[in-house]
Amino acid sequence: MSVTVPEPQWRHVPVRLDVERWATRRTRRRVLVVVHTVIAGHRLLDAVRVLEGDVRVQTFFTQAPDVFSNGVAAFLDQLGGLVLPWSQAVHTGFDLALAASHGSLHELQAPVIVLPHGAGHNKITPAGRHGRPVARRGVYGLSRQRLVRDGAIVPEVIVLAHHEELTRLGRECPEALPVAEVVGDPCFDRIAASLPSRALYRDALGATAGQRLVLVCSTWGPDSLLGQGWEVLERLVAELPREEFRIAALLHPHVWTAHGDWQVRAWLAGLARSGLTLVSPYGDWTGAVVAADYIVGDHGSVSLYGAMTGVPVFMAGRPDADVDPGSPLAELMSFAPRLRGDRPLLPQLKRSAVTGRSHRYERVAARISSEPGRFSRKMRTLLYRKLRLRAPSTRTTTEPARLPLTVHYDEPGRVAAP
């Protein structure tokens, strides 16, 4: 699908050839951050932040064409970065580009490092391009369709979170193995660093000491928890005693950008009136995962990250969603109990507390990242190697998650201005 992106004006400084005449600071390297979607933008910030403090590097941002491009312009505007229109970015040379999606990367005049924008590579997508027959289906981010253009590998580096993904990449696109590099997962590291502060995140979501927090997580699309219907949310809010349970909903950013903030808040206004807490898409979602006592999810990445915390994970949404059978998400879905629509929910939650699955959750969590706590250090090493610069001597650290934000309603259930 061809997507037209409204473009900002072309930039002159510090891009033009006589930049030394106009720029305050002369830099040695130029890095382009290619933002296809809001969720990709957040993942890229985890990578580009390792360059903070280095006055030798000028970072640029651009919005790449994508069907889920809604919200990217506002994201970049709030970020305050130097944004180039896509038409200028593809005609400008850079020392390095970073992306967390694959569309149109072959147009860039720069070596590209591609990161995953979720917990590894789990989903299966059609492998044919528009106008061509679909020969087979591939794993998104690992398939030849995404990685090869005119017989050549497009990315300079394919970032992976776990060594086992090398085997899966070898099955999907063996010619890409030489450019793959295992770096780890920033969200995995941030969740791990946040676990000791669990009480702070619970408080931010309004959970009292005597309440158990149920976090309902929905990815986007018709196979998701919300795409299959509102019944899970409605029943959790209606059936669980409010003095014992706090219900919070965490929705994929694509849900918000596809339908609009106002509409999502309006749809959930009635449930908010009955006690539902809606997690804002403009905050750090990882703290909400840390805060949960139960996670009700689907085939999205948040369900997989939830396995890190050791709390019970329940499945909803479509049971046969397109997930790679060899992925850690598929393993989680193979044993995580599904909420039964024909039975009361409270006994199902309580039963999970005495069902021993902790070792299985630990095994799945270990498949998310084979470099726990090392994403920032390894990403910095990778970037400076590709930029051909000596890395600063400062140490990298993984900071705990910022407190999650919640959606505000003027009155219980009444939609407020954002």
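What counts as what
- Residues numbered from 1 in each chain as written.
- Predicted model: local features only at pLDDT ≥ 70, side-chain atom pairs only at ≥ 80, totals over all residues.
- Heavy atoms only, no water.
- 1 Å grid on protein atoms, 1.4 Å probe; cavity = no way out; pocket = protein on both sides within 12 Å on 5 of 7 lines; lining within 4 Å.
- Points joined across faces, edges and corners; volume = space filled by probe spheres on them.
- Helix = DSSP H or I, 4+ residues; strand = E, 2+ residues; numbered from the N terminus.
- Nonpolar A, V, L, I, M, F, W, Y, C, P; charged D, E, K, R; others polar.
- Salt bridge = Lys/Arg side-chain N within 4 Å of Asp/Glu carboxyl O.
- Buried < 20%, exposed > 50% of the residue type's maximum accessible area, 1.4 Å probe, protein only.
- Pairing = 2+ DSSP bridges.
- Core = buried A, V, L, I, M, F, W, Y, C linked by side-chain atoms within 4.5 Å.
- Contact = heavy atoms within 4.5 Å.
- Phe/Tyr/Trp six-rings, centres within 6.5 Å; stacked < 30°, edge-to-face > 60°.
- Lys NZ or Arg CZ within 6 Å of the ring centre and 35° of its normal.
- Axes fitted to C-alpha atoms, helices over the stretch in contact; angles between N-to-C directions.
- Parallel < 35°, antiparallel > 145°, perpendicular 65-115°, else oblique.
- Left-handed = near helix turned anticlockwise from the far one by under 90°.

Engineer: Provide a residue-level description of empty space enclosed by the protein, including the pertinent values.
Structural biologist: Following the criterion strictly, the structure yields 1 cavity of 30 Å³ or more and no others. Roughly 60 Å³ of volume is contained in the largest cavity. Forming the boundary of the largest cavity are 13 residues, of which A119, G120, E165, P328 and R367 lie nearest the centre. It is helix α5 (residues 164-172) that provides the largest number of residues to the lining of the largest cavity, a total of 3 residues. Among the residues forming the lining of the largest cavity, the class breakdown is 5 nonpolar, 4 polar and 4 charged.

Engineer: Before we move on, can you summarise the pattern of salt bridges with the specific residues and values?
Structural biologist: For the structure on display, the rule yields 21 salt bridges. For the salt bridge of R190 with D284, the shortest nitrogen-to-oxygen distance reads 3.4 Å. Placement of R190 in helix α6 (residues 186-194) and of D284 in the loop between β14 (277-278) and α12 (286-291) is noted, with a sequence separation of 94 residues between them. Overall, R190 belongs to the buried group, its relative accessible area being 14%. Among the residues examined, D284 registers a relative accessible area of 7% and is labelled buried. Its salt-bridge partner being D293, residue R202 comes within 2.6 Å of it at the nearest N-O pair. In this pair, R202 is assigned in helix α7 (residues 198-204) and D293 in the loop between α12 and β15 (294-297), connecting sequence segments 91 residues apart. In this structure R202 comes out as buried when scored by relative accessible area, which is 10%.

Engineer: Lay out the pairing of strand β4 (residues 96-99) in plain terms, naming residues and giving numbers.
Structural biologist: By the alternation rule, side chains of β4 split into L96 and L98 and A97 and A99, which are all buried. Across 4 bridges, strand β1 (residues 29-35) lies against β4 in parallel orientation. Looking across to β4, one finds that L32 is bridged to A97. Here 3 bridges tie β4 to strand β5 (residues 112-114), and the two strands are oriented parallel to one another. Its bridge partner lying in β5, L98 is registered against I113.

Engineer: Mind laying out the nonpolar core, listing which residues take part and the relevant values?
Structural biologist: Core analysis: the largest hydrophobic core is formed by 38 residues, its most contacted members being L215, I295, L304, Y305, M308 and L332. If you list the elements that add at least two residues to this core, you get α6, β12 (212-218), β13 (245-251), α12, α13 (301-306), β16 (313-315), α14 (328-335) and α16 (358-366). In this structure Y305 touches R43, G118, A119, D185, C187, F188, I191, W285, V289 and I368, once residues within four positions along its chain are discounted. The next biggest cluster of nonpolar side chains, apart from the first, holds 32 residues, and it includes V48, V72, F375 and Y384.

Engineer: Would you mind going over the packing of aromatic side chains in detail, with residue names and values included?
Structural biologist: This model, assessed by the stated rule, comprises 6 aromatic pairs. Arranged with centres 6.3 Å apart and planes meeting at 40°, the rings of F245 and Y294 form a pair that is tilted. With a gap of 49 residues between them, F245 in strand β13 and Y294 in strand β15 connect regions that are remote in the sequence. Since its relative accessible area comes to 4%, F245 is described here as buried. Sitting over the face of the ring of F94, R30 holds its NZ or CZ atom 5.7 Å from the ring centroid.

Engineer: Just give me the short version of the sheet that holds β5, but keep the residues and values in it.
Structural biologist: The strands that make up a sheet pair up through hydrogen bonds in the backbone, lying either parallel or antiparallel. Taken in spatial order, the 7 strands make up an open sheet running β3-β2-β1-β4-β5-β10-β11, and their pairing is parallel. Edge positions in the sheet fall to β3 (82-84) and β11 (180-182), since each has one partner strand and no second. Here the average twist between neighbouring strands, direction ignored, is 30°. Of the strand pairs in this sheet, β1 and strand β2 (residues 57-63) are connected by 7 bridges, and their pairing is parallel. Within β2, the position partnered with V33 by the bridge is F61.

Engineer: Just give me the short version of the sheet that holds β16, but keep the residues and values in it.
Structural biologist: The strand order β14-β13-β12-β15-β16 describes an open sheet built from 5 strands, whose pairing is parallel. Two strands in the sheet have a free side with no partner beyond their single neighbour: β14 and β16. Its contacts with the sheet place helix α15 (residues 345-352) against β12, β13, β15 and β16, and it is angled at close to 135° to β16.

Engineer: Provide a residue-level description of the pairing of β13, including the pertinent values.
Structural biologist: Along β13, 6 of the 7 residues are buried, which leaves the element largely enclosed by surrounding structure. Here β12 pairs with β13 via 7 bridges, running parallel. Of the residues in β13, the one forming a bridge with V216 is A249. Two strands pair when backbone bridges link them, and β13 and β14 are joined in this way by 2 bridges, in the parallel orientation. Of the residues in β14, the one forming a bridge with A248 is T277.

Engineer: Can you break down unusual backbone geometry residue by residue, with the values?
Structural biologist: Within the chain, S104 stands out as a residue other than glycine whose phi angle is a positive 65°. Secondary-structure assignment places S104 in the loop between β4 and β5.

Engineer: Residues and numbers for the packing of α14 against α16, please.
Structural biologist: Close contact between α14 and α16 brings their axes to 9 Å; oriented N to C, the two are set at 165°. As judged from the angle between their axes, α14 and α16 are roughly antiparallel. Considering the relative orientation of α14 and α16, their crossing is left-handed. Across the interface between the two elements, P328, E331, L332 and F335 from α14 touch R360, Y361, R363 and V364 from α16. Looking at the contact of α14 with α16 residue by residue, the class counts come to 5 nonpolar, no polar and 3 charged.

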